[in-house]
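Listed below, chain by chain, are the residues.
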Amino acid sequence: MNLDRYEYYASDTLLNFEFYSDGPNGHIKKIIRLSPRNINGTTYFNIGFGDYQDATNSVSDQTISNNGDRNRILATIAQAVLDFMEYYPDMMVYAVGSTPARTRLYQIAITKNWEEIKDTITVFGLKDGVWKPFSKNINYEAFLGIMKKV
Amino acid sequence: MKIIDMPINFDPAKKKDKSRFKAIFSNKVKDYGNEPYFLKKAKESEELLLKYGFPKELLEKK
C-alpha cells in the first residue's frame, strides 16, 4: 500500500485507530474501530469508521467533513485494516457503509488497491443476498475478507 | 442462535515487532469498544450475517 495516507495511531490491541484529517474544513479526528462479534461460533470483526465529536465526546458518521482528502482517508483506513489483519490473520473482517454511497467508498478502496490485495486477502462481496468472490466491476452491499494462508 | 461480544486475547509479545505495522502504537488511543455508534454498527452487521450467513469458502479458510 503505497498510496498517500495519514499518520495514524493504534491501541495495543490493534482494535482502535485514530488519525486526523486536515483540509479546508479543519483538523478532524477520525476513529476506526474493529468490533469483535461471534455468531454461532464464527468470529468476525466489524469495521466501524466515524468522526470524533468533541462536543459530545462521541463518534458519529453523520457529519460530512468535505476536507477534500477522501482518497487519503480511504488509504489510511485500508492500511489500518491491513495492520489488523496482519495481527489477526485468522479473523474475518466485515465492512459496510452506513449508506450505499459510503459502502461504495469501501468498494473504491478495495478496487484501488486490488492488485496488492488480491494476492494476500480473500475478499467476498454481498450482491442480491449472495456472497460472491470480489470482482472490481460489481457494486456490492457488504464485504467480508480474510488473510490468505501462506 | 448465539451471539456474544468476544473477549480478545492479545499477546503483547507479538506486538514487540513494531516494524510489521504501519501504525504508531500509542496509549493515548482510547478503547472505543463501548462507543454506542460502533456497538450499533456491529449489531447491524450481525443482523445481515444472520440473514445471509457467511461465505462457505471463507469459513473453510478459518
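Everything that follows concerns the structure shown earlier in this document.
Here the structure is a predicted model, which is why all the values come from computation and not from measurement.

*Asks:* Looking at this model, I keep getting lost on the pairing of strand S2 (residues 16–23) of chain A. Mind explaining?
*Replies:* Remark: a regular strand shows side chains that alternate across the two faces of the sheet. Residue and element names in this part refer to chain A. In this sheet, S2 lies alongside strand S1 (residues 9–10) in antiparallel orientation, the contact comprising 2 bridges. For Ala10, the partnering residue across the bridge sits in S2 and is Phe17. Linkage of S1 to S2, two consecutive antiparallel strands, is achieved through a turn of 5 residues, within which Leu14 is found at a positive phi near 60°. As judged from the 8 bridges shared by S2 and strand S3 (residues 26–39), these two strands associate in the antiparallel manner. Note that in S3 the partner of Gly23 across the bridge is Gly26. Counting the residues in the hairpin turn of S2 and S3 gives 2 residues.

*Asks:* Please explain the pattern of salt bridges as it appears in this structure.
*Replies:* Pairing between side chains of opposite charge can happen when the charged atoms of each approach one another. Tallied over the full model, the rule gives 13 salt bridges over all chains. A salt bridge links Glu18(A) to Lys29(A), with the shortest nitrogen-to-oxygen separation between them at 3.9 Å. Pair noted here: Glu18(A) is in strand S2 and Lys29(A) is in strand S3, with a separation of 11 residues, a long-range link. On the basis of relative accessible area, Glu18(A) is assigned to the buried category, the value being 8%. Lys29(A) gets classed as buried once you look at its relative accessible area, which sits at 17%. Residues Glu86(A) and Arg20(B) are paired through a salt bridge, measuring 3.2 Å at the closest nitrogen-oxygen approach. Of the two residues, Glu86(A) sits in helix H1 (residues 70–87) while Arg20(B) sits in the loop between helix H1 (12–15) and strand S2 (24–25), which places them in two different chains. Under the relative-accessibility criterion, Glu86(A) is labelled partly exposed at 30%. Taken together, the salt bridges that share partners define one network made up of Asp61(A), Arg102(A), Lys40(B), Lys41(B) and Glu44(B).

Cut-offs used in this document
- Residues numbered from 1 in each chain as written.
- Chains lettered and ligands numbered in written order.
- Predicted model: local features only at pLDDT ≥ 70, side-chain atom pairs only at ≥ 80, totals over all residues.
- Heavy atoms only, no water.
- Pairing = 2+ DSSP bridges.
- Helix = DSSP H or I, 4+ residues; strand = E, 2+ residues; numbered from the N terminus.
- Salt bridge = Lys/Arg side-chain N within 4 Å of Asp/Glu carboxyl O.
- Buried < 20%, exposed > 50% of the residue type's maximum accessible area, 1.4 Å probe, protein only.

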